[in-house]
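One-letter residues, chain by chain:
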Amino acid sequence: MKRAIEELAAIIKNSKNTVVMTGAGMDTESNIPDFRSKDGWWNKVDPMKVANIDAFYEHYPTFHEFYSARIKSLDRVVPHKGHYVLADLERAGYIKSIATQNISGLHSQAGSKTVYELHGNLRRIRCNECYQEHSIDDFLTKAACNYCGKKALRPDVVLFGETLPASIWDKAIKDVEDSDALIIIGTSLQVYPVNQFPYMTRGKVVFINMERVDGYNFDLEIIGKAGEILNELGHILL
Ligand code: BV8
């Protein structure tokens, strides 16, 4: 493992343009469950029943209960060492941006500046009809929109079946396409279109995860916990 992390440090040092892509495995050490591991969310609820746009329209009480629970659980979570190392690596000029599938907001909370929230942010609430921003409390209390009056408040996250925010998607793709190194951390790469990133870079692709995934040809794979690996990487580069 140590040799692999030293190889990762060398790849980053030799890269003029490093982009990081993260998934739910980046947040589990902050006590946010991921989705597809044995104790992940999707083993408790069917994502297609709660995290898609049809659920919003047809099963609002279930949708509301699922997202209210996740919003409330954010009160108890903070970034872990790995989030802070990524922010320090950006400040030191080693990484250009982070493209994250996570909706926790922990990268920005740890101080990362250029963060593309590809699947939105759980802490941001909007009206589904007129996009008017609202408070978390308005969502939790099922208030009506204070602009269009509709009872249609929801977290500003990308549900299955919805397209990703175009401007954020475009910026993230440009960074990935221009990158000399793409560091992928804590994702099963099962969700489209973000799972296409490894094919979009002309640079080296590094995969850091608790378990292997098929269908990709990584230049370097480090199987282990993101927080521990990033902590070790920080000792080498910072
Ligand atoms: C779209 C927000 C068009 C909501 C999410 C059939 C085949 C292929 C694709 C499709 C299909 N049918 C439909 C589709 C498209 C669909 C899709 O991909 N479905 C899949 C599931 C089959 N995609 C969409 O609908 C997307 N929209 O395609 O629009 C379009 C086209 C072109 C351009 C733009 C748009 C919208 C997808 C977004 C859905 N919203 N989240 C919410 O979170 O409630 S996705 C959901 O999965 C999560 O948010 C999460 O971010 C995402 C990906 O999961 P991961 O992050 O990878 O998490 P996972 O648990 O899977 O893996 C974690 C890994 O970490 C594990 O391997 C684990 O071992 C590891 N790990 C755990 N702890 C650690 C660790 N590793 C290291 N250290 C640790 N400590």
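Before any of the text, the structure's been laid out above.
Residues numbered from 1 in each chain as written. Predicted model: local features only at pLDDT ≥ 70, side-chain atom pairs only at ≥ 80, totals over all residues. Heavy atoms only, no water.

Visitor: Quick rundown of the pattern of salt bridges? Include the residues and the values.
Guide: Working definition: two side chains of opposite charge can pair if their charged atoms are close together. One pass over the structure, following the stated rule, counts 11 salt bridges. Measuring nitrogen to oxygen at the nearest pair gives 3.3 Å for the salt bridge that ties D175 to K96. With D175 in helix 8 (residues 166-178) and K96 in the loop between helix 5 (81-91) and strand 2 (97-100), this residue pair connects regions lying 79 residues apart in the sequence. D175 sits in the buried class, given a relative accessible area of 5%. When salt bridges that share partners are traced, they join E117, R124, R126 and D156 into one network. (Salt bridge = Lys/Arg side-chain N within 4 Å of Asp/Glu carboxyl O. Helix = DSSP H or I, 4+ residues; strand = E, 2+ residues; numbered from the N terminus. Buried < 20%, exposed > 50% of the residue type's maximum accessible area, 1.4 Å probe, protein only.)

Visitor: Run through the sheet that holds strand 8 (residues 204-209), naming residues and quoting values.
Guide: Ordered in space as 3-2-1-7-8-9, the six strands form an open sheet in which the pairing is parallel. Since the sheet does not close on itself, it has two edges, and those belong to strand 3 (115-117) and strand 9 (220-223), each with one partner. Each strand axis lies, on average, 15° off the axis of its neighbour in the sheet, ignoring direction. In terms of strand pairing, strand 1 (residues 18-22) meets strand 2 through four bridges, oriented parallel. Bridging from a neighbouring strand, M21 pairs with A99 of strand 2. (Pairing = 2+ DSSP bridges. Axes fitted to C-alpha atoms, helices over the stretch in contact; angles between N-to-C directions.)

Visitor: Account for the nonpolar core, naming residues and giving values.
Guide: Of all hydrophobic cores here, the largest spans 27 residues; its most connected members are W42, F56, F63, Y67, L122, F139 and L159. Breaking this core down by element, the ones donating at least two residues are helix 3 (53-58), helix 4 (60-73), strand 4 (120-127) and strand 6 (153-157). Tallying contributions element by element places helix 4 first for this core, with five residues. Viewed by domain, this core spans two of them, domain 1 (1-32 + 79-119 + 163-238) and domain 2 (33-76 + 123-157), each represented by three or more residues. F139 has contacts with Y60, F63, H64, Y67, S68, I71, I125, L153, R154 and P155, leaving out every residue within four places of it along the chain. (Core = buried A, V, L, I, M, F, W, Y, C linked by side-chain atoms within 4.5 Å. Domains from an automatic or database assignment. Contact = heavy atoms within 4.5 Å.)

Visitor: Give a description of the sheet that holds strand 6 that names residues and reports values.
Guide: Reading across the sheet, the three strands line up as 5-4-6 and stay open at both edges, with antiparallel pairing between neighbours. The open sheet has two free edges, formed respectively by strand 5 (133-134) and strand 6, since each of these has just one partner strand. The pairing of strand 4 with strand 5 spans two bridges and is classified as antiparallel. By the bridge assignment, I125 is partnered in strand 5 with H134. Here helix 4 sits on the sheet in contact with strand 4 and strand 6, set at roughly 55° to strand 6.

Visitor: Let's hear about the packing of helix 5 against helix 10 (residues 226-237): which residues, and what values?
Guide: Helix 10 packs onto helix 5 with a crossing angle of 35° between their chain directions and a minimal axis gap of 8 Å. Where helix 5 crosses over helix 10, the two elements pack in a sense that is left-handed. Facing K81, G82, V85, L86 and L89 of helix 5, the residues of helix 10 in contact are G227, L230, N231, L233, G234 and L237. Of the residues belonging to the contact of helix 5 with helix 10, the class tally is six nonpolar, four polar and one charged. (Left-handed = near helix turned anticlockwise from the far one by under 90°. Nonpolar A, V, L, I, M, F, W, Y, C, P; charged D, E, K, R; others polar.)

Visitor: Quick rundown of the environment of L164? Include the residues and the values.
Guide: Note that L164 resides in the loop between strand 6 and helix 8. In this view, L164 contacts L118, H119, V158, W169, P193 and V194; residues no more than four positions away in its chain are not counted.

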